[in-house]
Amino acid sequence: MDSKNIVSWLPEIESNIDSRVIHYLNQYHEEYQELRKAAKELATEYADLFRRMETETGEITLTAKERQAYVEYQQIRFDYEGIERQYFYLIGQADWIQYSRLLEQLSQEKEEN
């Protein structure tokens, strides 16, 4: 069997889990919502800085205020991505429990027949 076909469904499942996690966090996780809001506010306030960082090559000179904003943005991003990773893990575990129960049920049905 071609190893490329073994996990051909993986991107679809990852996409499904990603959207479920982000939807849940946006709806129910207050700290996550506050972090995302703070990141968006910094990105809006320093839009020129982030545009320069994405488009320019080589050295970029930052003012002390821009540097502080960038450091703060990266910390906020690290924090909310940590929450996302935690929930990706938890939802993956919850899905695995359901999947293993289904496999057990199918196995029992097969043994009965």
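Before reading on, note that the structure itself is shown above.
Residues numbered from 1 in each chain as written. Predicted model: local features only at pLDDT ≥ 70, side-chain atom pairs only at ≥ 80, totals over all residues. Heavy atoms only, no water.

## Some thoughts on helix α3 (residues 30-45)
Right, on to step 1. Over its 16 residues, α3 extends 22 Å from the first C-alpha to the last, a length consistent with the 22 Å expected when each residue adds 1.5 Å.
Right, on to step 2. Buried within α3 are the following residues: Tyr-32, Leu-35, Ala-39 and Leu-42. Taken around the axis of α3, the buried residues stretch over an arc of 95°, which confines them to a single face. Pointing more than 90 degrees away from the buried face of α3 are the exposed residues Glu-30, Lys-37, Lys-40, Thr-44 and Glu-45. (Helix = DSSP H or I, 4+ residues; strand = E, 2+ residues; numbered from the N terminus. Expected span 1.5 Å × (residues − 1). Buried < 20%, exposed > 50% of the residue type's maximum accessible area, 1.4 Å probe, protein only. Arc of directions from axis to C-beta.)

## Topic: the side chain of Glu-66
Right, on to step 1. Residue position: Glu-66 is located in helix α5 (residues 64-112).
Right, on to step 2. Only 2.9 Å separates the side chain of Glu-66 from the backbone nitrogen of Thr-63, close enough to count as a polar contact.
Right, on to step 3. Here Glu-66 is in contact with Tyr-46, Leu-49, Arg-52 and Thr-61, once residues within four sequence places are set aside. (Polar contact = N/O pair within 3.5 Å; in protein donor to acceptor, adjacent residues only side chain to side chain. Contact = heavy atoms within 4.5 Å.)

## Digging into α5
Right, on to step 1. The terminal C-alpha atoms of α5, which comprises 49 residues, lie 72 Å apart, in line with the 72 Å expected from a rise of 1.5 Å per residue.
Right, on to step 2. Considered for burial, the residues of α5 that qualify are Glu-66, Ala-69, Tyr-73, Ile-76, Tyr-80, Ile-83, Glu-84, Tyr-87 and Ile-91.

## Describing the packing of aromatic side chains
Right, on to step 1. A full pass over the atoms with the stated rule returns four aromatic pairs.
Right, on to step 2. Relative to Tyr-80, the ring of Tyr-32 has its centre 6.1 Å away and its plane inclined at 90°; by these criteria the two rings are edge-to-face. Here Tyr-80 lies in helix α5 and Tyr-32 lies in helix α3, a separation of 48 residues in the sequence.
Right, on to step 3. Look at Tyr-32 and you get buried, because its relative accessible area is 0%.
Right, on to step 4. Among the aromatic residues, ring-to-ring pairing joins Tyr-24, Tyr-28 and Tyr-87 into one connected group.
Right, on to step 5. Here Arg-36 stacks its cationic end above the ring of Tyr-80, 4.4 Å away from the centre of that ring. (Phe/Tyr/Trp six-rings, centres within 6.5 Å; stacked < 30°, edge-to-face > 60°. Lys NZ or Arg CZ within 6 Å of the ring centre and 35° of its normal.)

## Details of the packing of α3 against α5
Right, on to step 1. Viewed as axis vectors pointing N to C, α3 and α5 meet at an angle of 150°, and their least axial separation amounts to 9 Å. Taken as axis vectors, α3 and α5 run roughly antiparallel relative to one another. Every pair of crossing elements has a handedness; the one defined by α3 and α5 is left-handed. Contacts between α3 and α5 involve Glu-31, Tyr-32, Leu-35, Arg-36, Ala-38, Ala-39, Leu-42 and Ala-43 from the first element and Ala-69, Glu-72, Tyr-73, Ile-76, Asp-79, Tyr-80, Ile-83 and Glu-84 from the second. (Axes fitted to C-alpha atoms, helices over the stretch in contact; angles between N-to-C directions. Parallel < 35°, antiparallel > 145°, perpendicular 65-115°, else oblique. Left-handed = near helix turned anticlockwise from the far one by under 90°.)

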